[in-house]
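# Coordinates in review
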Amino acid sequence: MPLVTSKELLKRAQAEGFAVGAFNANNMECVQAVIETAEEEQSPVILQVSQGAIAYAGLEFATMLVKTAAELATVPVVLHLDHGTDFLQNVRCLRAGFTSLMFDGSSLPLDENIKITRKITEIAHAVGVPVEAELGKIPKVEDNLTQEQVDNLMADPEQAQRFVEETDCDSMAVAIGSVHGMKESIQPLNIERLDEIKQRTGLPLVLHGASGVLCTRADAAEKGVKLEPHQGTLEDAIKHGISKVNVATELSMAYLRGMKEAFEARPGEKDMRKIMLPGKNAVKEVVRYYIKLFGSNGKAGRNGAVSGLTASEIKYHE
Ligand code: G3H
Ligand code: 13P
Ligand code: ZN
């Protein structure tokens, strides 16, 4: 089916209390793994193209990969730009057919972030495409920050209100304690801060860096992490208003693990496909776990359409 935008999808997720998984599109096997699992679980899904993927595959290849997969899919698929660096890259992605954009101005002064985000929402909205913005800073594990430093980068609720009013963004990535690129899920989230931002903005909110976040309270107990009263897990965050969750590192690790195991089992193998397929299957199991945790399974809608998606929106993307 044709690509859908993230606008109605995230609004519906917000209204019904589930989240949509945004999985990174790095190669054909990973894209197929996401789509096949989404179909098996009857879930809408977001495939996002990161800066690393653009550098690796090129924008054209990455775009075609997701577009082709979406055309063949029986569930709604969004093509999203992950951490868009600037105004011009967003324009290029709009022209390439992305159905959801992001501008990450989190390293800029607030006024500059607002100014560029606003410019992007103006042009994107003219053709019906929604824009995700970022407030606060979601750091990378390579930044080696202390917990206190991570906490100091969290999004400010008052600023969030002003940001939404002045930019007209459609969703907002909020820094609430997660860190990009972690190999282990041990990070708690600040649910109190999430509640405050939710109250002041009313927007669908986005969680980045999900690979490093504790998934459930049982998960926290098993890992010996004691949660403070204001803290919670990924599962709690969805109950408190997170509508889109970005997962990249864990998919990448699963792909590598699946291939490593296959290669160790068949050290003389000469057919690369026999090694890559177990990698893809390992990615599928991670995607399935998250789709179920997010509660988006069974939400693909009748005839593959997301209920609430307007006819004109579908037509626009045909
Ligand atoms: O937030 C970014 C994602 O983790 C993907 O990173 O640019 O290395 O693909 P990447
Ligand atoms: P992880 O790689 O930590 O899962 O983060 C993904 C992400 O936030 C992409 O924008
Ligand atoms: Zn991110």
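Below or above, wherever it landed, is the structure these notes cover. Note that the structure is predicted; figures quoted are calculated from it, not measured.

Conventions we followed
Each chain has its residues counted from 1, following the order in which its sequence is written. Whichever chain is written first is A, and whichever ligand is written first is 1; the rest continue in order. Only residues with pLDDT of at least 70 get local features here, since the model is predicted, and only at 80 or more are side-chain atom pairs given and counted; chain-wide, interface and lining totals rely on the full set of residues. Computation of side-chain values covers all heavy atoms of the structure but excludes hydrogens and water. Should DSSP find at least two bridges between two strands, the strands are taken to pair. Runs of H or I in DSSP of at least four residues are treated as helices and runs of E of at least two as strands, each being numbered from the N terminus. Between N-to-C directions, angles cover 0 to 180 degrees, with each direction set by a line fitted to C-alpha atoms, over the stretch in contact for helices. When checking whether two residues touch, look at their non-hydrogen atoms; a contact exists if any pair is within 4.5 Å. Throughout, near means a residue has at least one heavy atom within 4 Å of the molecule or strand. Under the rule applied, a polar contact is a pair of N or O atoms within 3.5 Å (in protein, one hydrogen donor and one hydrogen acceptor; residues adjacent in sequence only if both atoms are side-chain atoms). Only the protein chains shown count as cover for residues, with accessible areas throughout obtained via the Shrake-Rupley method and a probe of 1.4 Å. Cavities and pockets were defined on a 1 Å grid built over protein atoms only: a cavity is a set of grid points that admits a 1.4 Å probe from which the probe cannot escape, a pocket is an open set flanked by protein on both sides within 12 Å along at least five of seven lines, and lining residues are those with an atom within 4 Å of any such point. A cavity or pocket is said to hold a molecule if more than half of that molecule's atoms lie within 2 Å of its grid points. Each residue gets one label: Ala, Val, Leu, Ile, Met, Phe, Trp, Tyr, Cys and Pro are nonpolar, Asp, Glu, Lys and Arg are charged, and the others, such as Gly, are polar. Excluding water, the donors of a metal are its N, O and S neighbours within 2.8 Å, or within 3.2 Å for Na, K and Ca, and that exclusion means sites may look incomplete. Burial here depends on accessible area, computed with a 1.4 Å probe over protein chains only, as a share of the maximum for the residue type. Under 20% is buried, over 50% is exposed, and the range in between is partly exposed.

### Concerning the sheet that holds strand E6 (residues 171-174)
Spatially, 8 strands are ordered E3-E2-E1-E10-E8-E6-E5-E4 in an open sheet, and the strand pairing comes out parallel. Each edge of the sheet is formed by a strand with only one pairing partner; in this case those strands are strand E3 (77-81) and strand E4 (101-103). The sheet shows a mean angle of 30° between the axes of neighbouring strands, direction not considered. One ladder, built from 3 bridges, connects strand E1 (residues 20-24) with strand E2 (residues 45-49); its direction is parallel. Counterpart to alanine 22 in the pairing with E2 is isoleucine 46. Across the sheet, helix H1 (residues 6-16) touches E1, E2, E3, E6 and strand E10 (242-247), and the angle it forms with E10 is around 115°. Packing of helix H2 (residues 28-40) onto the sheet brings it into contact with E1, E2 and E3, and relative to E2 it is tilted by some 170°.

### Section: the site of ligand 2
In the vicinity of ligand 2 lie 13 residues, with Asp82, Gly181, Gly209, Ser211 and Thr249 positioned nearest. At a separation of 2.8 Å, an oxygen atom of ligand 2 approaches a polar backbone atom of glycine 209. Measuring from an oxygen atom of ligand 2, one finds a side-chain N or O atom of asparagine 246 at 3.0 Å. Compared with its free state, where it exposes 310 Å², ligand 2 has 96% of that area covered by protein. Comparing atom positions with the cavity grids shows ligand 2 to sit within the largest pocket. The class makeup of the residues in the shell around ligand 2 is 3 nonpolar, 9 polar and 1 charged.

### A few points about the coordination of the zinc ion (ligand 3)
Here the zinc ion (ligand 3) is held by the protein donor atoms His83 (NE2), His180 (NE2) and His208 (ND1), which lie 2.0 to 2.1 Å from it. Site description for the zinc ion (ligand 3): donor spacing in sequence, H-x96-H-x27-H. Here the residue histidine 83 occupies a position in the loop between E3 and helix H5 (87-96), and histidine 180 occupies one in the loop between E6 and strand E7 (189-190), the gap between them amounting to 97 residues. Note on accessibility: histidine 83 and histidine 180 belong to one class, buried.

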